[in-house]
Amino acid sequence: MSTRRIHAWPVRLTHWLNAFGMFCMISSGWGIYNASPLFAFHFPTWSTLGGWLGGSIAWHLAVMWLLVINALAYLLYGALSRHFARDLLPLSVSAVRRDLFAALRLKLQHRLGHYNAVQRLSYWLVLALGVLVVLSGLAIWKPVQLHGLASLFGGFDIARYVHFFAMAGIAAFIVLHLTLVLLVPSTLPPMITGGRRETSHE
Amino acid sequence: MSERKKAPPKLEPAQQTQVVNLQRRLLLRSGLSLGALAMLGGCNLQDGDQVDKLLWSMSRWNDRVQAWLFSGQRLAQTYTATQITDPFPFNAFYAEYNVPEIDLDGYRLEVSGLVERKQPWTLQALRQLPQRSDITRLICIEGWSAIGQWGGVPLRTFLERIGADTTAKYVGFKCADRYYSYLDMPTALHPQTLLALDFGQVALPPDYGYPLRVRVPTKLGFKNPKHIVELFVSNQNPGGYWEDQGYNGFSGI
């Protein structure tokens with residue numbers, strides 16, 4: 001156990017590919033949103049990718065392949081390597097409540113290589129949002145050929161709202177995630193180098 | 001961007017068309033390179049051309065995936081008359097007052113390319129062919145959608161009447177408003193793909209593409225050209241007004 005890295009290389013590789021993919025998908029998605037906004041606001045042009053609707057769609061439908069293939073690779077690795085079972089489980093309501101209250105009182109210690117219950121919950125939630133954003137995206141892309149999937153979301157128009165809110169949830173996760181990295185900067189280098197586990201705590 | 005603002009030299013009409021096409025490509029390129037520079041500026045990949053090429057080749061890959069996903073049998077959902085969107089949104093690449101004026105008595109649909117019978121068609125002759133009407137949802141690439149009823153000749157029926165080579169790859173359309181677009185042959189042969197003459201209970205009004213438009217409920221709105229004046233069958237990809245600027249060519253839904 002003492003030689004095990006905090007983040008195995010497949011986790012680091014898929015993490016950074018995913019970061020690039022998410023950045024492209026969200027910023028190009030905002031460009032597409034602006035062509036026919038669902039709500040009474042636009043995203044500022046500087047925050048969009050693609051320059052115009054055709055460019056934003058070109059980015060969105062190109063990078064979706066990277067994002068989905070990368071996500072499948074990660075999920076496959078996570079299940080087969082027991083990364084999910086070892087690092088993101090077990091998870092209980094009482095543990096989440098305990099860690100959440102500790103965190104709000106700023107009394108939750110961070111141990112490198114160990115996820116607390118709130119982190120575990122947020123990772124499961126963002127994984128679920130990832131599945132939702134891909135499925136609702138497929139429903140928007142192919143509402144006729146994947147008619148059953150589109151119906152599951154209540155049709156094309158409602159699937160657009162689902163896609164938007166799934167994006168919003170993922171964006172909120174990213175804000176939280178980056179805030180935590182700023183609060184505990186020592187978590188950043190292990191995601192690049194792999195880091196070394198603190199065995200004294202194990 | 002500054003390249004497009006230089007005063008153009010005097011050109012022949014054919015050359016002007018080429019320049020316009022080139023400018024369209026540059027439009028996509030400059031738009032894409034803005035994002036590319038912002039994102040890849042630190043990666044020594046400052047050449048927007050490379051990113052542009054990658055995006056175009058991914059778009060061609062998406063054409064192939066969509067052609068594979070497309071079913072010639074699966075019908076688009078149909079709706080009831082009470083679900084029709086009223087008023088139906090006007091949409092074109094120009095303002096409403098620029099809708100072309102067409103002399104209906106003199107109107108002929110020209111036919112060319114890989115077909116046996118190339119004589120032009122009057123509206124009356126088209127109305128004598130078997131008709132079909134569907135209430136379907138039109139989905140615009142911008143994201144909005146609207147339900148309408150279109151009636152007319154199934155494109156498959158028309159292609160059979162003119163002796164079209166249905167093993168060819170594309171059916172192209174030229175329009176009175178200089179718009180142009182195309183369909184892949186499997187989509188052209190889909191039972192709900194129409195040469196539409198009617199909108200709701202009336203002949204196509206000017207705003208909705210009179211006197212003849214393509215209605216294809218398995219594609220995005222911009223693949224439904226209006227005011228069509230020529231149809232041709234070809235193995236060369238005919239391109240399109242938006243397709244040439246960077247919209248995905250297949251754009252199936």
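Residues numbered from 1 in each chain as written. Chains lettered and ligands numbered in written order. Predicted model: local features only at pLDDT ≥ 70, side-chain atom pairs only at ≥ 80, totals over all residues. Heavy atoms only, no water.

1. Remarks on the UniProt feature "transmembrane region" (unreviewed entry) in chain A
Residue and element names in this part refer to chain A. Under the convention used in this document: UniProt positions are given in the numbering used here, feature names are shortened, and annotations may be inferred rather than shown by experiment. Where helices and strands are cited, they refer to DSSP runs of H or I of at least four residues and of E of at least two residues respectively, numbered from the N terminus.
The UniProt entry lists residues 12–33, 53–77, 121–141 and 161–184 under the feature "transmembrane region" (unreviewed entry), expressed in the numbering used here. Here residues 121–141 runs as 100% helix and 0% strand, with 30 Å between its end C-alpha atoms. The span residues 161–184 is 96% helical and 0% strand by assignment, and the distance between its end C-alpha atoms comes to 34 Å.

2. Quick notes on the sheet that holds strand E1 (residues 110–113) of chain B
All names here are of chain B. Defined as follows: Two strands make a pair as long as DSSP finds a minimum of two bridges between them. Only the stretch in contact is used when fitting a helix axis, every axis being a line fitted to C-alpha atoms; angles between N-to-C directions are given from 0 to 180 degrees.
Strand order in this open sheet of four strands is E1-E9-E4-E5, and the pairing throughout is mixed. A single partner strand is all that each edge strand has here, and the edge strands are E1 and strand E5 (180–184). Between one strand axis and the next, the sheet turns through 20° on average, direction left out of account. As defined by bridge partners, strand E4 (residues 170–175) adjoins E5 across five bridges and the pair is classed as antiparallel. Within the sheet, the bridge partner assigned to Tyr170 lies in E5 and is Asp184.

3. A short note on the interface of chain B and chain A
So the rule is basically this: Whether two residues touch is decided by their heavy atoms; if any such pair falls within 4.5 Å, the residues are in contact. Note on definitions: buried area is the accessible-area loss of two parts on being combined, 1.4 Å probe, summed for both. By salt bridge we mean one thing: a side-chain nitrogen of Lys or Arg within 4 Å of a carboxyl oxygen of Asp or Glu. A 3.5 Å cut-off defines polar contacts: any pair of N or O atoms within that distance qualifies, except that in protein one atom must be a possible hydrogen donor and the other a possible acceptor, and neighbouring residues in sequence count only when both atoms are side-chain atoms.
At the interface, 37 residues of chain B touch 29 residues of chain A. Together, the buried faces of chain B and chain A total about 2,700 Å²; carbon and sulfur atoms form 70% of this surface. At the surface where chain B touches chain A, the tally comes to one salt bridge. The partner of Asp157 of chain A in a salt bridge is Arg137 of chain B, and the shortest N-O contact between them spans 3.0 Å. At the boundary of chain B and chain A, one finds ten residue pairs in polar contact (both at pLDDT 80 or more).

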